[in-house]
Amino acid sequence: MLPRAEHTLAPYAASPLPAGPWLVFAPHADDETFGLGGCLLKAADEGVEAHVVVVTDGALGGDGGGLVERRRDEARRAGELLGLRGLRFWSEPDRGLRVDAPRRALFAGAVRELRPAAVFFPGPLEIHPDHRATGMLAWAALRSLGAGESRPAAVSYEITAHNPVNLLVDITAQMGRKRGAMAVYASQNSQKNYPDHVAALNRSRSLTLPAGVVYAEGLYRYSEEQLRLPLSEVLRRIVDRYFESADGA
């Protein structure tokens, strides 16, 4: 058996942005910037409309009083830098986001209301439970859309961990401004140097791209066929490809 070549598992060319408008589900205030800041800046540069929903209140993500409102203020300031068209806060409990029928309906309602061309959510291999719950809820919401309804593209993004990717977006030109937006989140950066971790992830994503690409954000755009399956099954099939032979056997 000859294992698959690298280019069948990771992109070797930079990808254009998915078509807009966009709806981004961010588990916490900061995830939209750490995970998609470069793409959001590039979208604003290209006239692509982007709306962000911050799903949880982030009440457990820092020290001191008034943390929820501080994080909202930071998100508003970051959103201005990123050129967001819309920003909403849902106030689900931090580290308590449940994957259940009421939340699935909440996510589906946002998709139906905003009618985006693409919906973004955290990848399935994220470590934080709220990240994974947000991805599962967004997936369920997209699968719940009826045959007569417009079905947006389903796109996952990386926040703190490598996830499956089939799109790599060159954010080299946007990285300086992304760093500026990340710096807005003082409440989070006082806990850990998140901008350095994020920059390292973005730097690592340029490995398979041409030499002029220094930073990239990784995305996975799912097919219509994949959307018919549970997300766990889709992930298993993606992982299985790493164990297939070069001829797909």
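Everything here concerns the structure above.
In this numbering scheme, every chain counts its residues from 1 along its sequence in written order. With the structure being a predicted model, the display of local features is reserved for residues of pLDDT at least 70 and the display and counting of side-chain atom pairs for 80 or more, all residues being used for whole-chain, interface and lining totals. With hydrogens and water stripped out, all remaining heavy atoms of the structure feed into the side-chain values.

Chemist: Teacher, can you tell me more about the packing of aromatic side chains here?
Modeler: Geometry of an aromatic ring pair is reported as the spacing of the ring centres plus the angle between the planes. The aromatic pairing rule takes the rings of Phe, Tyr and Trp, using the six-membered ring of Trp, and pairs them if the centres are within 6.5 Å, calling planes under 30 degrees apart stacked, those over 60 edge-to-face and the rest tilted. In the structure shown here, the tally under the stated rule is ten aromatic pairs. The rings of F121, W139, Y220 and Y222 are connected pair by pair, giving a single aromatic cluster.

Chemist: Would you explain the packing of helix α1 (residues 31-45) against helix α5 (residues 175-183) in this entry?
Modeler: Two quantities define a packed helix pair, namely the angle between the axes and the distance from one axis to the other. Contact pair α1 / α5: the axes reach a minimum separation of 9 Å and the direction vectors enclose 130 degrees. As judged from the angle between their axes, α1 and α5 are oblique. Remark: the crossing between α1 and α5 carries right-handed chirality. Along its contact with α1, which presents T33, F34, G35, G37, G38, L41 and D45, the element α5 presents R177, K178, A181 and M182. Residue polarity follows a fixed list, in which Ala, Val, Leu, Ile, Met, Phe, Trp, Tyr, Cys and Pro are nonpolar, Asp, Glu, Lys and Arg are charged, and the others, Gly among them, are polar. Class assignment for the residues of the contact of α1 with α5 results in four nonpolar, four polar and three charged. Axis definition: a line fit to C-alpha positions, over the contact stretch in the case of helices; interaxial angles, taken between N-to-C directions, run 0 to 180 degrees. A run of H or I in DSSP becomes a helix once it reaches four residues, and a run of E becomes a strand once it reaches two; helices and strands are each numbered from the N terminus. Each angle receives one of four descriptions, namely roughly parallel if under 35 degrees, roughly antiparallel if over 145, roughly perpendicular if within 65 to 115, and oblique otherwise. Left-handed describes a crossing whose near helix is turned anticlockwise from the far helix through less than a right angle; right-handed describes the clockwise counterpart. Residues are treated as being in contact if the distance between any of their heavy atoms lies within 4.5 Å.

Chemist: Help me understand the layout of surface pockets in this model?
Modeler: Rolled over the atoms, a probe sized like a water molecule indicates the empty space that remains. Taken as a whole, the largest pocket encloses approximately 370 Å³ of empty space. Both site types are read off a 1 Å grid over the protein atoms alone. A 1.4 Å probe that fits but cannot get out defines a cavity, while an open set with protein on both sides within 12 Å along at least five of seven lines defines a pocket; lining residues have an atom within 4 Å of a point. Lining of the largest pocket is provided by 18 residues; of these, H28, R95, H128, Q188 and Y194 occupy positions nearest its centre. Residue classes in the lining of the largest pocket are distributed as five nonpolar, eight polar and five charged. Its boundaries defined by the atoms lining it, the second largest pocket holds a volume of some 220 Å³. Looking at the second largest pocket, it is lined by 15 residues, and the ones nearest its centre are L9, N163, V165, R205 and Y242. Among the residues making up the lining of the second largest pocket, the classes are represented as ten nonpolar, four polar and one charged. Grid points are joined across faces, edges and corners, and a volume is the space filled by probe spheres set on the points.

Chemist: What exactly am I supposed to notice about the pattern of salt bridges here?
Modeler: Pairing between side chains becomes possible if they bear opposite charge and their charged atoms approach one another. We define a salt bridge as a contact between a side-chain nitrogen of Lys or Arg and a carboxyl oxygen of Asp or Glu at a distance within 4 Å. Counted according to the given criterion, the structure contains 15 salt bridges. In this structure, E113 and R88 form a salt bridge, with 2.7 Å as the shortest nitrogen-oxygen distance. With E113 in helix α3 (residues 101-114) and R88 in strand β3 (residues 86-92), this residue pair connects regions lying 25 residues apart in the sequence. For the salt bridge of K178 with E217, the shortest nitrogen-to-oxygen distance reads 2.6 Å. Here K178, found in helix α5, pairs with E217, found in strand β7 (residues 216-222); they are 39 residues apart in sequence, far enough to count as distant. One salt-bridge network, held together by shared partners, links E69, D73 and R76.

Chemist: Any chance you could explain α3 here in plain terms?
Modeler: Every α-helix winds through 3.6 residues per turn, so residues three or four apart in the chain are directed the same way. A rise of 1.5 Å per residue sets the reference length of α3, with its 14 residues, at 20 Å; its end C-alpha atoms lie 20 Å apart and thus fit the reference within 8%. Taken as a whole, α3 has its buried residues at F107, A108, A110 and V111. Buried residues along α3 cover an arc of 155 degrees about the axis, so they all sit on one side. Of the residues in α3, the exposed ones pointing more than 90 degrees away from the buried face are P102 and E113. In this fold, the buried residues of α3 make contact with β1 (22-26), β2 (50-56), β3, β4 (118-122) and α4 (129-143). At the exit of α3 stands R115, carrying a positive phi of roughly 50 degrees. Any helix carries an expected span of 1.5 Å times its number of residues minus one. Only protein chains enter the area calculation, which uses a 1.4 Å probe; residues under 20% of their type maximum are buried, those over 50% are exposed, and those in between are partly exposed. As used here, the arc is the angular range of directions from the helix axis to the C-beta atoms.

Chemist: How should I be thinking about the nonpolar core in this particular structure?
Modeler: Taken as a class, soluble globular proteins show a tendency for nonpolar side chains to be buried jointly. Each nonpolar core is a collection of buried residues, namely Ala, Val, Leu, Ile, Met, Phe, Trp, Tyr and Cys, held together in the definition by side-chain atoms within 4.5 Å. The biggest cluster of nonpolar side chains holds 37 residues, and the ones touching the most others in it are W22, L36, L40, F120, Y157 and L219. For this core, the element with the most residues is α1, which contributes six residues. Counting 26 residues, the second largest nonpolar core, distinct from the first, contains V53, A108, V111 and A141.

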